[in-house]
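The chain contents come next:
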2 protein chains.
Amino acid sequence: MSEMGLIVQKYGGTSVKDAERVMNVARRITAAYQAGNNVVVAVSAQGDTTDELIEKANEINPRASKREMDMLLSTGEQISIALLAMAIEKLGYPVISLTGWQAGMHTNSNYGAARIKTIDTERIRMELDRRRIVIVAGFQGINKYDDITTLGRGGSDTSAVALAAALRADVCEIYTDVDGVYTTDPRICSKAYKLDEISYDEMLELASLGANVLHNRSVEMAKKYNVKLSVRSSLNNNEGTYVKEVSKVEKMLVRGVTRDNDCARIALCGVEDAPGKAFQVFEMIAKAGISVDLIIQSIGDGQTKDISFTVAEADLEPALKLLEENNDFIKAREIKSSKDVSKVSIVGAGMVNNSGVAAKMFEALYDAHINIKMIATSEIKISVLVAQKDAENAVNAIHDKFLSK
Amino acid sequence: MSEMGLIVQKYGGTSVKDAERVMNVARRITAAYQAGNNVVVAVSAQGDTTDELIEKANEINPRASKREMDMLLSTGEQISIALLAMAIEKLGYPVISLTGWQAGMHTNSNYGAARIKTIDTERIRMELDRRRIVIVAGFQGINKYDDITTLGRGGSDTSAVALAAALRADVCEIYTDVDGVYTTDPRICSKAYKLDEISYDEMLELASLGANVLHNRSVEMAKKYNVKLSVRSSLNNNEGTYVKEVSKVEKMLVRGVTRDNDCARIALCGVEDAPGKAFQVFEMIAKAGISVDLIIQSIGDGQTKDISFTVAEADLEPALKLLEENNDFIKAREIKSSKDVSKVSIVGAGMVNNSGVAAKMFEALYDAHINIKMIATSEIKISVLVAQKDAENAVNAIHDKFLSK
């Protein structure tokens, strides 16, 4: 745990999926309490509960309103908090569970993906003053009409960080089923190792690239309110990874390597080389609700040019349909696509001042005989698109180059 | 349905146990709405949901606090209201679901068996003014601490009647899986028939005697606030039974015959015949939370007397244990017990002015060669204890005597 003070902990659905796991979590919570801390806990719905509730709704009405969907889904977390409070009661500690609205989580009215506006902490403070452990339903809040809202994906992480910010907690501990944030996915690179620290910005890039330990919204909020995060496992006592404003000054330029197979490439070949053409194409795609990631445009010859970009796999078919329907306007000679691609990225706040990083990454790939299809760079990351079969080799080659201990 | 106006409907767990039943209920509700009525609906948790939640709790902590139990159990109705609202949305009608607290159901803090204190109808009225169908979670409310409470057994009936009273509804329709209130259980007496009307008092006696269609608390509340009840099936369109203040004046002295197998007899033989002895015995039993039903005390001979009484079957073992542990004080020569008994009762508001009713009932039993073990009477009912094997014959014999058409 950490020094005495106020700790906010968050446990995900896997951590409370059955009675045994719930008891395990209860023991962790009471240990932190026993050490003298005030403890506030945000919990997700157990295991597959949310999916089961969605299935129940779909059986009746696949186009149910989001307002009623939130009414339904919020029961998942309510079940979790009651069971977890019961487990803590069994261990003999004072505890109280609070739903989102009882905990004062006020959100806007964007049902299904609501944003937390304010937290009225009066009730939580009162319970803490009584030295009770407070268990709060994650993922949910209440809007100005007194209707229940849910926060959408990663909502429980966001609840926990928002609570930590509002209560000025010393730390927000995010418990998950991995030990912390790794330099890359240990399942594809045996040399991957856990990071002790990482900055908010680096975490944001890693999260959006598929590292899958913390949802971006919660990291953004943690950054905004300067909440110190600790990502750790609910299944062991290993030190996790701290996410905070300024990470240790060290030689490590690159903090992690990620791979994302969920991407597909679309190439518009021989598009008319007229001003604003690319803008018009991407505006059309954006209006259809499809996110575009990497983009490459060949230098036009005054007549035609090629535009390539990547989308999530699920968006490939709708994107292609849209482009083909509008090709009278786009005038591409040919529209090509492939799902057989992966995005491999390196992330690190130190990269911005080091021009040699990209070259070093490309060298690693060249040495491994891996062909680069597309490249995109930002201040703290460099992404390349490679054939899916090459992705694991690419991750290992890059990890060896930058992160070998 | 009934005349235009404001209708409160209540659907039990069986009526909404799966998607198909939920759609069926949605069609009933929208038909009443389509006919021009404002409709408010109280719903129970689906099928076995409540039992499943209790099991989940027991796995973790069989002695969980009632406060957390209510937090857990109230999710059952919240799931029902969301699903039912979704079904009504599918049929294209305006609808909103409200939890107990959203519907303004204020209760006392007796978790697990809370009493409704007031209903703040502002939100419901606002939704009705918008011509929305309002679906309210039965069985639950909120106390002065903003904590969720549940109303205990028959809670959803009570919610519906309380809503009908607070909203001054024209009628409160209780939908169940039987057609209405019968003269006796049709499964044990083929000549049983449905009553068109019954008074609150008669219904109270029938409910407590095991007729099992309406919970007593809801009938008491309906009587207090003069709410007209209609008990009917959710599976057909048959007219049900009306429960109201003054039922039709008719010749029928006896309104129904009930049988209750859930009783056990305890006999304290040869108890010291001292003043207050019986009182002390029953006080001891009451303090242990055990309800005593029929009581018979033999006329003492100055030395000893016999005291017999009945308890629910589940209470037999604890009651016997208690009595045996305290027999130093009770000084019974022998404590006997039997589960092999049934209570058969007749109920009817007309009985109070007809001294011949009891005699006629005993005659019916005598003619059927059924031995009466105990007798108890009130203004509107007469109960006898018989051997369990004789109970069905007793019901039929009494029904023939009083209720043959």
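Everything below is about the structure shown above.
If you're wondering where the values come from, they're calculated on a predicted model, not measured in any experiment.

Participant: Give me the lowdown on the overall build of chain A, citing residues and values where you can.
Facilitator: Secondary structure assignment for chain A yields twelve helices and 20 strands. Its C-alpha radius of gyration of 24 Å places chain A within 12% of the 22 Å reference for a compact globule of 405 residues. When the backbone C-alpha atoms are referred to their principal axes, chain A occupies close to 75 × 55 × 35 Å. Relative to its 405 residues, chain A shows a buried fraction of 55%. In chain A, 75% of the contacts between residues at least 6 apart in sequence involve partners at least 24 apart. For chain A, the accessible surface area stands at approximately 17,400 Å², while carbon and sulfur atoms represent 46% of it.

Participant: Outline the sheet that holds strand 18 (residues 341–347) of chain A, supporting the account with residue identities and numerical values.
Facilitator: Residue and element names in this part refer to chain A. Strand order in this open sheet of four strands is 13-18-20-19, and the pairing throughout is antiparallel. This sheet does not close on itself; its edge strands, each paired only once, are strand 13 (256–260) and strand 19 (374–377). This sheet shows a mean twist of 20° between the axes of neighbouring strands, independent of strand direction. Pairing between strand 18 and strand 20 (residues 381–387): seven bridges, direction antiparallel.

Participant: Could you give an account of the interface of chain A and chain B, naming the residues involved and the relevant values?
Facilitator: Contacts between the two partners involve 42 residues from chain A and, on the opposite side, 42 residues from chain B. Taking both partners together, chain A and chain B bury about 3,300 Å²; carbon and sulfur atoms supply 61% of that area. Contact with chain B buries area across many residues of chain A, yet Ile60, Met86 and Trp101 of chain A alone supply 21% of it, more than any other trio. At the junction of chain A with chain B, the criterion picks out two salt bridges. Arg123 of chain B is the salt-bridge partner of Asp147 of chain A, the closest N and O atoms lying 2.8 Å from each other. Where chain A packs against chain B, one counts 22 residue pairs in polar contact (both at pLDDT 80 or more). Of all the secondary-structure elements, those providing two or more residues to the side of chain A that touches chain B are helix 1 (19–34), helix 2 (49–60), helix 3 (66–90) and strand 3 (95–98) of chain A. In terms of residues, the side of chain A that touches chain B owes the most to one element, helix 3 of chain A, which gives 17 residues. By residue class, the composition of the side of chain A that touches chain B is 24 nonpolar, nine polar and nine charged.

Participant: Describe in detail the sheet that holds strand 2 (residues 38–43) of chain A, supporting the description with residues and values.
Facilitator: All names here are of chain A. If you walk across this open sheet you meet the eight strands as 3-6-2-1-9-11-12-10, and the pairing is mixed. Edge strands, defined here as strands with exactly one partner in the open sheet, are strand 3 and strand 10 (197–199). Across the sheet, the axes of successive neighbouring strands diverge by a mean angle of 20°, strand direction being ignored. Two elements, strand 1 (residues 6–11) and strand 9 (residues 171–176), share five bridges in a ladder whose sense is parallel. Across the sheet, the residue bridging to Tyr11 is Tyr175, located in strand 9.

Participant: Can you tell me about the state of the cysteines, naming the residues and giving the values?
Facilitator: Residues and elements named next belong to chain A. Considering all chains together, one arrives at zero disulfides over all chains under this definition. Cys263 provides the cysteine sulfur closest to Cys189, a residue in no disulfide bond, and the two sulfurs are 19 Å apart. Distance from the sulfur of Cys263, which forms no disulfide, to the nearest cysteine sulfur (Cys269) is 18 Å. For Cys263, a relative accessible area of 5% gives the class buried.

Participant: Give me the lowdown on helix 3 of chain A, citing residues and values where you can.
Facilitator: Given a rise of 1.5 Å per residue, 25 residues ought to cover 36 Å, and the 37 Å separating the end C-alpha atoms of helix 3 of chain A matches this to within 8%. Across the 25 residues that make up helix 3 of chain A, a large majority, 22, are buried.

Participant: Summarise the relation of the copies chain A and chain B; cite the residues concerned and give the values.
Facilitator: Expressed as a screw transformation, the operator carrying chain A onto chain B has a rotation angle of 179° and an axial translation of 0.1 Å, and the superposed copies differ by an RMSD of 0.4 Å. The transformation just described matches what one would write down for a two-fold rotation axis. Judged by C-alpha distance, Thr75 of chain A is the residue of chain A that lies nearest the rotation axis, at 2.5 Å. A shared interface surface links the copies, since 100% of the contact residues of chain A are contact residues in chain B too.

Participant: Just give me the short version of the pattern of salt bridges, but keep the residues and values in it.
Facilitator: Counted according to the given criterion, the structure contains 38 salt bridges over all chains. Measuring nitrogen to oxygen at the nearest pair gives 3.6 Å for the salt bridge that ties Glu127 of chain B to Arg130 of chain B. Residue classification places Glu127 of chain B among the buried residues on the basis of a relative accessible area of 1%. One continuous salt-bridge network, built from bridges that share partners, spans Arg67, Glu68 and Asp147 of chain A together with Arg123, Glu127, Arg130 and Arg132 of chain B.

Participant: With reference to specific residues and values, describe unusual backbone geometry.
Facilitator: Phi at Asn226 of chain A takes a positive value of approximately 55°, unusual for a residue other than glycine. You can see Asn226 of chain A is positioned in the loop between helix 7 (216–225) and strand 11 (229–233). Not every positive phi belongs to a glycine, and Phe139 of chain B is a case in point at roughly 75°. Classification of Phe139 of chain B by relative accessible area gives buried; the value is 12%.

Participant: Help me get a handle on the packing of aromatic side chains, residues and values and all.
Facilitator: Inspection of the entire model under this criterion finds seven aromatic pairs over all chains. Each ring, one from Tyr11 of chain A and one from Tyr175 of chain A, has its centre 4.6 Å from the other, and the planes form 15°; the classification is stacked. Taken together, the residues Tyr11 of chain A in strand 1 and Tyr175 of chain A in strand 9 connect sequence positions 164 residues apart. The residues Tyr11 of chain A and Tyr175 of chain A share a single accessibility class, namely buried. Residues Tyr33 of chain B and Tyr93 of chain B carry aromatic rings whose centres are separated by 5.7 Å and whose planes lie at 85° to one another, so their mutual orientation is edge-to-face. Residue Tyr33 of chain B is found in helix 1 (residues 19–34), and its partner Tyr93 of chain B is found in the loop between helix 3 (66–90) and strand 3 (95–98); the two are separated by 60 residues along the sequence.

Participant: Explain helix 7 (residues 216–225) of chain B to me, using residue names and the numbers behind them.
Facilitator: Burial in helix 7 of chain B covers these residues: Arg217, Ser218, Val219, Met221 and Ala222 of chain B. Asn226 of chain B lies just past helix 7 of chain B and shows a positive phi near 55°.

Participant: Explain a negative patch on the surface to me, using residue names and the numbers behind them.
Facilitator: Together, Asp18 and Glu20 of chain A together with Asp48, Asp51, Glu52, Glu55 and Glu59 of chain B make up a negatively charged patch on the protein surface. Among the elements that make up the negative patch, the one with the highest residue count is helix 2 (residues 49–60) of chain B (four residues). With respect to the secondary-structure elements, Glu20 of chain A resides in helix 1. Residue Glu20 of chain A is classed as exposed on the basis of its relative accessible area, which comes to 64%.

Participant: Could you give me a rundown of the environment of Gly256 of chain B, with the residues and numbers involved?
Facilitator: All names here are of chain B. Within the secondary structure layout, Gly256 lies in strand 13 (residues 256–272). According to the relative accessible area criterion, Gly256 is buried, its value standing at 0%. Once you skip the residues sitting within four places of it in the chain, Gly256 turns out to touch Thr183, Leu206, Ser345, Ile346, Val347 and Leu403.

Participant: An account of the environment of Ile398 of chain B is requested, with residue identities and associated values reported.
Facilitator: Inspection of the secondary structure assignment puts Ile398 of chain B in helix 12 (residues 391–403). Note: C-alpha distance between Ile398 of chain B and Gly100 of chain B (298 residues apart in sequence) is 44 Å.

Participant: I'd like a rundown of the packing of helix 2 of chain A against helix 3 of chain B, residues and numbers included.
Facilitator: Where helix 2 of chain A contacts helix 3 of chain B, the two axes come as close as 9 Å, and the packing angle between them is 30°. When the interaxial angle is binned, helix 2 of chain A and helix 3 of chain B end up roughly parallel. For the element pair helix 2 of chain A and helix 3 of chain B, the recorded crossing hand is right-handed. Where helix 2 of chain A abuts helix 3 of chain B, its residues Leu53, Lys56, Ala57 and Ile60 of chain A lie against Ile79, Leu83, Met86, Ala87 and Lys90 of chain B. Of the residues that constitute the contact of helix 2 of chain A with helix 3 of chain B, the class distribution is seven nonpolar, no polar and two charged.

Participant: Please set out the nonpolar core residue by residue, giving values where relevant.
Facilitator: Ile29, Leu84 and Ile135 of chain A together with Ile29, Leu84, Met86 and Ile135 of chain B are the most contacted members of the largest nonpolar core, which totals 84 residues. When near neighbours in sequence (up to four residues on either side) are disregarded, Leu84 of chain A contacts Val22, Val25, Ala26, Ile29, Val41, Val43 and Ile135 of chain A. Formed by 45 residues, the second largest nonpolar core is a distinct cluster that contains Ala103, Met105, Ala207 and Ala222 of chain B.

Participant: Explain the packing of helix 5 (residues 155–166) of chain A against helix 7 of chain A residue by residue, including any values.
Facilitator: All names here are of chain A. Interhelical geometry of helix 5 versus helix 7 gives an angle of 10° and a closest axis separation of 8 Å. It follows from the interaxial angle that helix 5 and helix 7 lie roughly parallel. Mapping the contact onto sequence places Asp157, Thr158, Val161, Ala162 and Ala165 in helix 5 and Arg217, Ser218, Met221, Ala222 and Tyr225 in helix 7. For the contact of helix 5 with helix 7, the class distribution of residues is six nonpolar, two polar and two charged.

What counts and how
Residues numbered from 1 in each chain as written. Chains lettered and ligands numbered in written order. Predicted model: local features only at pLDDT ≥ 70, side-chain atom pairs only at ≥ 80, totals over all residues. Heavy atoms only, no water. Helix = DSSP H or I, 4+ residues; strand = E, 2+ residues; numbered from the N terminus. Rg over C-alpha atoms; globule rule 2.2 N^0.38 Å. Buried < 20%, exposed > 50% of the residue type's maximum accessible area, 1.4 Å probe, protein only. Contact = heavy atoms within 4.5 Å. Areas by Shrake-Rupley, 256 points an atom, 1.4 Å probe, with all protein chains shown as cover. Pairing = 2+ DSSP bridges. Axes fitted to C-alpha atoms, helices over the stretch in contact; angles between N-to-C directions. Buried area = accessible area lost by both parts, 1.4 Å probe. Salt bridge = Lys/Arg side-chain N within 4 Å of Asp/Glu carboxyl O. Polar contact = N/O pair within 3.5 Å; in protein donor to acceptor, adjacent residues only side chain to side chain. Nonpolar A, V, L, I, M, F, W, Y, C, P; charged D, E, K, R; others polar. Disulfide = S-S within 2.5 Å. Expected span 1.5 Å × (residues − 1). Least-squares fit on C-alpha atoms with pLDDT ≥ 70 in both. Phe/Tyr/Trp six-rings, centres within 6.5 Å; stacked < 30°, edge-to-face > 60°. Patch = residues over 30% accessible without salt bridge, like charges linked within 9 Å, V, L, I, M, F, W, Y side chains within 5 Å. Lys, Arg positive; Asp, Glu negative; His and termini not counted. Charge placed at Lys NZ, Arg CZ, Asp CG, Glu CD. Parallel < 35°, antiparallel > 145°, perpendicular 65-115°, else oblique. Left-handed = near helix turned anticlockwise from the far one by under 90°. Core = buried A, V, L, I, M, F, W, Y, C linked by side-chain atoms within 4.5 Å.

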